Structures are given as structure tokens and as C-alpha cells.
2 protein chains.
Amino acid sequence: MELQQLRYVVAVAETLNFTRAAERCRVVQSALSHQIAALERELGARLFERTSRRVRLTPAGEAFLPAARQCLEAADRARAEVAAAGGEIRGRLAVGAIPTVAAVDLPVLLRDYRRRHPRVRITLTSAGSQDLIERVRRGGVDVAFLGLPPRTEPKGVRSLRLGGGELVAVVAPDYHLAEREVELRSLADEPFIDFRAGTAGRAQSDEAFAVAGVRREVPFEVSSADFMVDLVRQGLGVGMLPAAYAPRFPDLRVIRLRGAPARVEHLVWDNRPSSATRAFLELVGAGHAGGVSPPE
Amino acid sequence: MELQQLRYVVAVAETLNFTRAAERCRVVQSALSHQIAALERELGARLFERTSRRVRLTPAGEAFLPAARQCLEAADRARAEVAAAGGEIRGRLAVGAIPTVAAVDLPVLLRDYRRRHPRVRITLTSAGSQDLIERVRRGGVDVAFLGLPPRTEPKGVRSLRLGGGELVAVVAPDYHLAEREVELRSLADEPFIDFRAGTAGRAQSDEAFAVAGVRREVPFEVSSADFMVDLVRQGLGVGMLPAAYAPRFPDLRVIRLRGAPARVEHLVWDNRPSSATRAFLELVGAGHAGGVSPPE
DNA sequence: TTCAACCATCATAAATTGCGATCGATCGCG
DNA sequence: CGCGATCGATCGCAATTTATGATGGTTGAA
């Protein structure tokens, strides 16, 4: 088994087409066919099922692919680590974040990071917290900013608790509430627009009301902050967002809440951070944090 | 960069000798030298510092090596996954355990596992809990049984809480205590032999006495259960061990303790378990457990 | 039926990898 | 100080591997 063969396999798996995979690898199709056939012979199993009109992964191919990708990633990392040892950090940095990150200014952070390490290719992905944790575990994302239900810690990854901003209520400009700051409990009778039940953002709002001893109605559940804002604009009810995030919607009115808890966010990363990832953690200030348990 | 080159680099790094590395790889020394030189040329950095009497890793080599090993492991895993997809699980299973595992019968477990998956090469390593967690994180160990201080969870790995046995006191046959069962507090004046401060085993004993509201003396601190037993045999004091573990020393007297908490152990594993590891987790009953946090 | 897309195969050329012999440097030892 | 032993680098050559370009067979659509 050689890395070249793995590169070919991954290319075919992604294009599902030997000819285009060969183009991408800059070899003729026959060379690629030959290499894949040789690998299949060595493994004793077909990785691709070729009917002459389509190419598909066999179960064996499905099983092979994740480890093959990890192998290629490790090879890239090895190369990047050597460059890092020579002083210059290279490689990739895949950052994930929920759409409502409030604890850090992500654009500024990425700009600073890029300034310091211009040879690192940065990607930014938006997704839900649970999805992000899974991707960090799988290695598709290197670091992620996300929210979690109160008093929980993500499992299977290293993490650092970030102080987030407070939650504030947002309403349409002509909404009937006129105050700029209210007790949380005084909102009890308003209709709320919040994240769907089960999400970390929703759990944090619920927590705030539970602590205040108030039951509230949430007739509208949404899957993203943008949807929430859309509904709030229509005057359908009150939304709750991190204070640092609300100013992005200047057409909405912000109502500060007395008794709202600070929103807690977490920075999570993989167990085996690359040098590019380590540099990012250092920049964020998580260089040597991460809550190691005491020894046996 | 090719896997063959990585194999050569790892061999040289482990033997610190080109000639012996070449023997291990079953090629002549010149071939290996040539490949390594080619890789160094491609990377633009020397991986080894050769003085004509010794070979050492350069900083670049140190940086390169971990990722290179992970790359080779991933390649092995890819091969093993294909075999697993064909029905038969192969590969390696590196099990780690503290010396005093009480929650499971490890020999029986390994025997059952071997019976079911005879093509998996099993290794068993003994170490401290914190060391084991680190090795699981690094990928050197696939699954580990270990202890943790009360009410903590290991970070950076998947884990399952195992119900452990109770702790019992063990004493020399002629020790002055005659009872077969006592209140924990009645041992307060005895000299204890226990694990060194900071270990999980020690923390669990301390916890038991703290709960009983008793201060005790621990004049002897040891690093393994075997040392503890050695000192107990000499009549130097009282030891505390998991009940399931004590019968291994039939020459000692066991004193059951009223008020001793159950010892808690954890099974931990990596985020990206191989098929061999998955099969082991299933056997232990952790197939789909592991405390996933709720979604965002 | 014809055509176009697509992968396998084959002969051949190019590149890589390995072999064996040898060189030069270094260290220990007498 | 000189000898022998150890060890990695180097070189020419052979074996193997990998890539090329042309061709053929299969399949689905027009």
C-alpha cells in the first residue's frame, strides 16, 4: 500500500469517475486504473463497483475510505510539522462555529491568526454545536466555538469554557414593549421566538427563565439566529440573543434583561492538535488549558 | 512522500542506526539511505543528524515522527477495516488497565474477545490512570480501564462509568485486628498503607474516610498494589483494595468495611475506534454508550 | 443502430527502487 | 600513532514499478 494509491482511491471516491479522478491527479486514466486494481489485489477486495455507466463504493470501499483519508491527512500534517519546526507554521486550520458566537470576535481572531501565520489555509464552517463536536472528533474540523446546555462539558474532545456575553431580548421597532431594560420575569406573558427545543441556545434561555421562576410560551421555534430575527422583525414576538450578537441587526430594538445569565460558550479541539491548531489555541489563550484530570 | 519512506524513517528513529533499520526493513542499507535522503530533500529539512558514530533525530525529525507514525497506523487501520467489512475482524487491540481493575474480569474478557476475533493481535499494558488517558488520546492504547477521583470524568476521550466493587481492608494474618467486618471509623487509629497522594486509588480511599468524618494516618505510600501487599504482609499496617482484587492474595486477611463506597472505574477509548476496538466495546457493553451531550 | 462515455488492457517508455561494491570518516584499542 | 572495525554516503547497474498512449469492450441514450 502506498500513499499514491490512497490519493487515487480518494479521488475516485470523490468524483465517482475514473477519468476525472485521473485528471485531478494529473495522470492518465490507465495509470490510475492500474494502481487501484493493484491495491484491490493486495487488499483482496474490490473497493469500487464499476458498472460501465457508474462507479460506486463497495462496502469494503466505504470501510476503507475514512482511514485512507486520515492517513493522507497525517502525511500532510507530518509535512506541515517539519515546516513548523523550521519556524514557519503551515498546513490547514478548519475552524467551526455556531452562527451566534459571542465570546470572541471571530473575524478579528482569524485576521490576527492569518497575519501571524500567513501560510496556513483557513476554512470556516458554520454548524450546530453537536454537529461541530462530532466533526472535531472525526478530524474534519480542528477547532470549534459552540454552545452547550448549562453545566455540561463536551465529551471526547478537549475544551475550554469561554465567558460569553449576556443574553438580551430583541423586538421589532414598533413592538409594544417600550422599556430599554426590564426584569426577566416581566416578559413572562410575551410570545417568544427561540431556537428549537433540544439545542444549546434554547436550553440557555430556558435556564434563565427557570432560574427566575417563570413559565413562558415559545410559539415559534427556529433553527438559526437569522430565522429568529426574521420573525422578530414581523413583530411575532420576542427573541433572545447574545448581547454581542444583537448589534448586527440595527433595525431591531434591544431590551436588556436584569437576571439573565451570561451565555456560556466552549472552545473545543481535537486530542492531537496540529501545529497550526496549537498556534490558534495559543492565540485564543487556551495554550495549556483544557482541564486535565488529576493523575491516578 | 510515500509510505515506504515513512516506514524507513520510523525504523531509523527506533534503532538510531541505518544499517539495523535496513535489516529490519529487509533492504540493503544503501536503499534506505537513498530513500531517506530523497524524503529529506522533498521536505527541505534533515530528519536525522548523522555523526559518523551516532544517529540522532533533528528537531524537524522529532516534529515529523508522531504524524508519520499516525500515518502508518491509519494505513494499517485502512487495511484492517477492509478485512472487517468482509466479515472478519483483524488488526490490533491495545488494552490498557491499572493494576487493580475490579469492575471487570479482564482475563475472561480478553479470552472471550480472542475467541470471537482470533485474528486480532491483542496487547495488554499496565499503567497509571492518567498515563493511560494520555496514551488513549495519543492513540498508543485503544481502550483502557482505569480509576478516577470521585465525581470526575476523563477529558478528551470517550468514556463509560463502570460499577466497581467495594473497597476492603487487607491485613497480615497475625495483625491485631480480629474482626471480619468493622465500621470504617473504627480503623481510624491504624497505620495505613495506601497509594501515593494524587493517585485515583488514594483519592477513593481518602473519600471514604472523609465521608465517615475520620482522619487517618498514611505512613506508607506505594505506587502499586503489589508493593502495598508486600508491606501489609510485613504487618506494617492496613491496606485498602477493591474487594474483587483482594482474593488474589490468599495469605492476607480481608476485613469488610461498613460505610466504604463502591470503587468507581471507567472504561475509556479514543474518538475514532477501529473495528477491532468497536468489537471490544460491544463485548463490554459500551457499544453505543459514552454519554453524548445533548445537541445545540 | 449509432454514438458517446467510460473503464480495462496491452505494449512500451520512463522513473523509481533496490542491489552490491566501495569510499571516507570516526572511534576504540593496542 | 597506526590499525581495524563500524557506519553512513555514493555510484553504476539491474529489477521493478509506474506512467503513457492507443485500443477494445460494454453500456445507456439518442
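Now for a description of the structure that goes with this document.

Calculation criteria
- Residues numbered from 1 in each chain as written.
- Chains lettered and ligands numbered in written order.
- Predicted model: local features only at pLDDT ≥ 70, side-chain atom pairs only at ≥ 80, totals over all residues.
- Heavy atoms only, no water.
- Near = heavy atom within 4 Å.
- Polar contact = N/O pair within 3.5 Å; in protein donor to acceptor, adjacent residues only side chain to side chain.
- Helix = DSSP H or I, 4+ residues; strand = E, 2+ residues; numbered from the N terminus.
- Disulfide = S-S within 2.5 Å.
- Buried < 20%, exposed > 50% of the residue type's maximum accessible area, 1.4 Å probe, protein only.
- Least-squares fit on C-alpha atoms with pLDDT ≥ 70 in both.
- Core = buried A, V, L, I, M, F, W, Y, C linked by side-chain atoms within 4.5 Å.
- Contact = heavy atoms within 4.5 Å.
- Axes fitted to C-alpha atoms, helices over the stretch in contact; angles between N-to-C directions.
- Parallel < 35°, antiparallel > 145°, perpendicular 65-115°, else oblique.
- Left-handed = near helix turned anticlockwise from the far one by under 90°.
- Nonpolar A, V, L, I, M, F, W, Y, C, P; charged D, E, K, R; others polar.
- Buried area = accessible area lost by both parts, 1.4 Å probe.
- Salt bridge = Lys/Arg side-chain N within 4 Å of Asp/Glu carboxyl O.
- Phe/Tyr/Trp six-rings, centres within 6.5 Å; stacked < 30°, edge-to-face > 60°.
- Lys NZ or Arg CZ within 6 Å of the ring centre and 35° of its normal.

Digging into the protein's contact with DNA strand C
Phase 1: Near DNA strand C, the surroundings consist of 20 residues, among which Ser33 and Arg50 of chain A together with Tyr8, Val28 and Ser52 of chain B are the closest.
Phase 2: Those atoms of DNA strand C that come within 4 Å of the protein belong to sugar or phosphate at a rate of 68%.
Phase 3: Separating a phosphate oxygen of DNA strand C from a backbone N or O atom of Val28 of chain B is a distance of 2.7 Å.
Phase 4: One of the side-chain N or O atoms of Ser30 of chain B is found 2.9 Å from a base oxygen in DNA strand C.
Phase 5: Broken down by secondary-structure element, the contributors of at least two residues to the surface near DNA strand C are α2 (18-25) and α3 (29-43) of chain A together with α1 (3-15) and α3 (29-43) of chain B.
Phase 6: Among the elements that make up the surface near DNA strand C, the one with the highest residue count is α3 of chain B (four residues).

Some words on the state of the cysteines
Working definition of a disulfide: a covalent bond connecting the sulfur atoms of two cysteines.
Residue and element names in this part refer to chain B.
Phase 1: Counted by the stated rule, this structure contains zero disulfides over all chains.
Phase 2: Between Cys25, a free cysteine, and Cys71, which holds the nearest cysteine sulfur, the sulfur-to-sulfur gap is 15 Å.
Phase 3: What makes Cys25 partly exposed here is its relative accessible area of 21%.

A word on helix α9 (residues 275-284) of chain A
Phase 1: Within the sequence span of α9 of chain A, burial applies to Ser275, Ala276, Thr277, Ala279, Phe280 and Leu281 of chain A.
Phase 2: Downstream of α9 of chain A by one or two residues, Gly285 of chain A has phi in the positive range, about 100°.

Details of the side chain of Thr199 of chain B
Phase 1: Residue placement: Thr199 of chain B occurs in the loop between β8 (191-195) and α7 (200-212).
Phase 2: There is a polar contact of 3.3 Å between the side chain of Thr199 of chain B and the backbone nitrogen of Arg202 of chain B.

Observations regarding the relation of the copies chain B and chain A
Phase 1: Rotating chain B by 179° about the axis while translating it 0.1 Å along that axis superimposes it on chain A, leaving an RMSD of 0.2 Å. Seen this way, the second copy is the image of the first under a two-fold rotation axis.

Let's talk about the nonpolar core
Phase 1: Grouped together as the largest cluster of nonpolar side chains are 60 residues, with contacts concentrated most on Leu3, Phe48 and Phe64 of chain A together with Leu3, Phe48 and Phe64 of chain B.
Phase 2: Breaking this core down by element, the ones donating at least two residues are α1 (3-15), α2, α3 and α4 (59-85) of chain A together with α1, α2 (18-25), α3 and α4 (59-85) of chain B.
Phase 3: Excluding residues within four positions of it along the chain, Leu3 of chain B makes contact with Met1, Glu2, Leu3 and Cys71 of chain A together with Cys71, Leu72 and Ala75 of chain B.

Considering the packing of α1 of chain B against α2 of chain B
Residues and elements named next belong to chain B.
Phase 1: Close contact between α1 and α2 brings their axes to 8 Å; oriented N to C, the two are set at 130°. The angle between the axes of α1 and α2 places the two elements in the oblique class. As for the relative orientation of α1 and α2, their crossing is right-handed in sense. Facing Arg7, Tyr8, Ala11, Val12, Glu14 and Thr15 of α1, the residues of α2 in contact are Phe18, Arg20, Ala21, Arg24 and Cys25.
Phase 2: Considering only residue class, the contact of α1 with α2 consists of six nonpolar, one polar and four charged.

Looking at the interface of chain B and chain A
Often, the extent of an interface is quoted as the loss of accessible area upon association of its parts.
Phase 1: Facing the 57 residues of chain B at the interface are 57 residues of chain A.
Phase 2: Interface area, chain B with chain A, both sides summed: about 4,800 Å², of which 53% is carbon and sulfur.
Phase 3: At the boundary of chain B and chain A, one finds eight salt bridges.
Phase 4: Counting across the interface, chain B meets chain A through 24 residue pairs in polar contact (both at pLDDT 80 or more).

Some points on the packing of aromatic side chains
Residue and element names in this part refer to chain A.
Phase 1: Scanning the entire structure with this criterion turns up 10 aromatic pairs over all chains.
Phase 2: For the ring pair Phe18 and Phe48, a centre distance of 6.0 Å and an interplane angle of 75° mean the geometry is edge-to-face. Highlighted residues: Phe18 in helix α2 and Phe48 in strand β1 (residues 48-51), separated in sequence by 30 residues. In this pair, the class of Phe18 matches that of Phe48, namely buried.
Phase 3: Here the aromatic cluster, defined as three or more aromatic residues joined through ring pairs, consists of Tyr113, Phe145 and Phe280.
Phase 4: Taking NZ or CZ as reference, Arg216 lies 4.8 Å from the ring centre of Phe192, over its face.

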